[in-house]
Amino acid sequence: MLSLNKDRRSLLFCMLLGDGSLFFSGGKRKDGKRGVAFQLIHGDSQVDYLMWKKKILESISRRELKTYSCMVKTGDKFHKSHRVKVAMRRFRAWRKFCYPKGKKDISRILPYIRHPEMAMAIWLMDDGTVNYKKSKKYADLRIHTDSEKPESMEFIVSWINDNFDVDVKVYMRKSKGKSYPTLRFNKKCGIKVWSIVRELILNIPSMKYKFRHFETFYQSNVK
C-alpha cells in the first residue's frame, strides 16, 4: 500500500505522460465546482496493459476499480476499447496545474515524477514506436510528443538526459502535410534506456509483441 502522497502523485503522473488524462467529470459539486477524474483507455489488443495500469491506479486511489467497455473513434472507424477511471478531490488541483489553458503540458508533469524508470516505461508503451529496418538489422526507439511546444520539448530533453544519462534528440516527424516533434533515441541511447525498462515492459504480453523487434535488436547488440 502506498502511503506517501508524493509517491502516489508521482505514479499517477507517470501514467499521465502518455494516454492517461485528467478530465472534468459529471456536474458541479455542492461548492459549485466540477469534479475531475483520471481516465485510462486502451483497445482490445491491450487489455492486459490496461489491467496492469489498473492495479497501479487502485494503489493510488486506495479503492477497487471497475473496467468498462466503450467504443473509441479513430479516424472514420470505431474500435472496441476498455476504460478505467477514478475521481478524487485532489485531482481538480492537479488538472489545473497540468493543463494550463486546457492543454496537457508534459514539462509541468516531469519535475514531480519520483519514479523515472516507471515513467519512461509507460511513456514508451503509450506513445513509443520502434523504427525497424530489417534489411539493415537496425532499430531505434521513438516517442511521439505531437502536442508539445518547443519550450516544453527543451525541458523534456533535459529531463531525459539528466535521469538516464543519454543524449536524446528531437526531430520533426511529417504526417499528412504537418510536422510533429518526436523524441528519437539513437542506437547507443536506445540500448541504454531499453536495458533499464525492458524487464518491466516484457512482462506485459501485448507490449512484448509491440517491442519485439527492438528486443531482437537489443539482444544482437549486447553480447
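One can find the structure itself at the top, above this paragraph.
Throughout what follows, the structure given in this document is the object of discussion. All residue numbers refer to position in the chain's written sequence, counted from 1. In keeping with the predicted nature of the model, local features appear solely for residues at pLDDT of at least 70, side-chain atom pairs appear and are counted solely at 80 or more, and the whole-chain, interface and lining totals rest on all residues. Each side-chain value is derived from all of the structure's non-hydrogen atoms; neither hydrogens nor water enter the calculation.

### Describing the layout of surface pockets
The space that makes up the largest pocket amounts to roughly 250 Å³. Residues are said to line a cavity or pocket when one of their atoms sits within 4 Å of a point; the points come from a 1 Å grid over protein atoms alone, cavities being sets where a 1.4 Å probe fits but cannot get out and pockets being open sets with protein on both sides within 12 Å along at least five of seven lines. Forming the boundary of the largest pocket are 13 residues, of which H42, G43, V72, T74 and S81 lie nearest the centre. By the criteria applied, helices consist of DSSP H or I runs no shorter than four residues and strands consist of E runs no shorter than two, each listed in order from the N terminus. The set of elements that each furnish at least two residues to the lining of the largest pocket consists of β2 (34–43), β3 (68–74), β4 (77–87) and α5 (116–127). Classification used: nonpolar for Ala, Val, Leu, Ile, Met, Phe, Trp, Tyr, Cys and Pro, charged for Asp, Glu, Lys and Arg, polar for all others including Gly. Per-class residue counts for the lining of the largest pocket are three nonpolar, six polar and four charged. Grid points are joined across faces, edges and corners, and a volume is the space filled by probe spheres set on the points. One number sums up the size of the second largest pocket: a volume of about 200 Å³. Every residue along the wall of the second largest pocket is listed here: L17, G18, K104, I106, D127, H144, T145, D146, S147 and E148. Of the residues in the lining of the second largest pocket, the class split is two nonpolar, four polar and four charged.

### Observations concerning α5
Expected span of a helix: the number of residues minus one, times 1.5 Å. End to end, α5 covers 16 Å across 12 residues, agreeing with the expected 16 Å (1.5 Å per residue, within 8%). When a residue's accessible area, from a 1.4 Å probe over protein chains only, is under 20% of the maximum for its type it is buried; when over 50% it is exposed; and in between it is partly exposed. Counting buried positions over the 12 residues of α5 gives 11, a clear majority of the element. All buried positions along α5 are accounted for by P116, M118, A119, M120, A121, I122, W123, L124, M125, D126 and D127.

### A short note on the sheet that holds strand β8 (residues 178–185)
Criterion used throughout: strands pair if DSSP finds at least two bridges between them. If you walk across this open sheet you meet the four strands as β5-β6-β8-β7, and the pairing is antiparallel. At either end of the open sheet lies a strand with only one pairing partner, and these are β5 (128–133) and β7 (169–175). Ignoring strand direction, the axes of neighbouring strands in this sheet form an average angle of 40 degrees. Pairing analysis gives four bridges linking strand β6 (residues 138–144) to β8, with the strands arranged antiparallel. Within the sheet, the bridge partner assigned to H144 lies in β8 and is T182. Axis lines are fitted to C-alpha atoms, over the contacting stretch for helices. Their N-to-C directions set the angle, which ranges from 0 to 180 degrees.

### Re the packing of helix α1 (residues 5–16) against helix α3 (residues 91–98)
As a packed pair, α1 and α3 sit with axes 13 Å apart at the nearest point and diverge in direction by 50 degrees. It follows that α1 is oblique to α3 by the angle criterion. In terms of crossing hand, the pair formed by α1 and α3 is right-handed. Contact residues: R9, L12, F13 and L16 in α1; F91, W94 and C98 in α3. In the contact of α1 with α3, the residues fall into six nonpolar, no polar and one charged. Under this scheme an angle from 65 to 115 degrees is roughly perpendicular, one under 35 degrees roughly parallel, and one over 145 degrees roughly antiparallel; angles in between are oblique. For any helix crossing, the convention is left-handed if the near helix is rotated counterclockwise from the far helix by under a right angle, and right-handed if that rotation is clockwise. Contacts are assigned to residue pairs that have any heavy atoms within 4.5 Å of one another.

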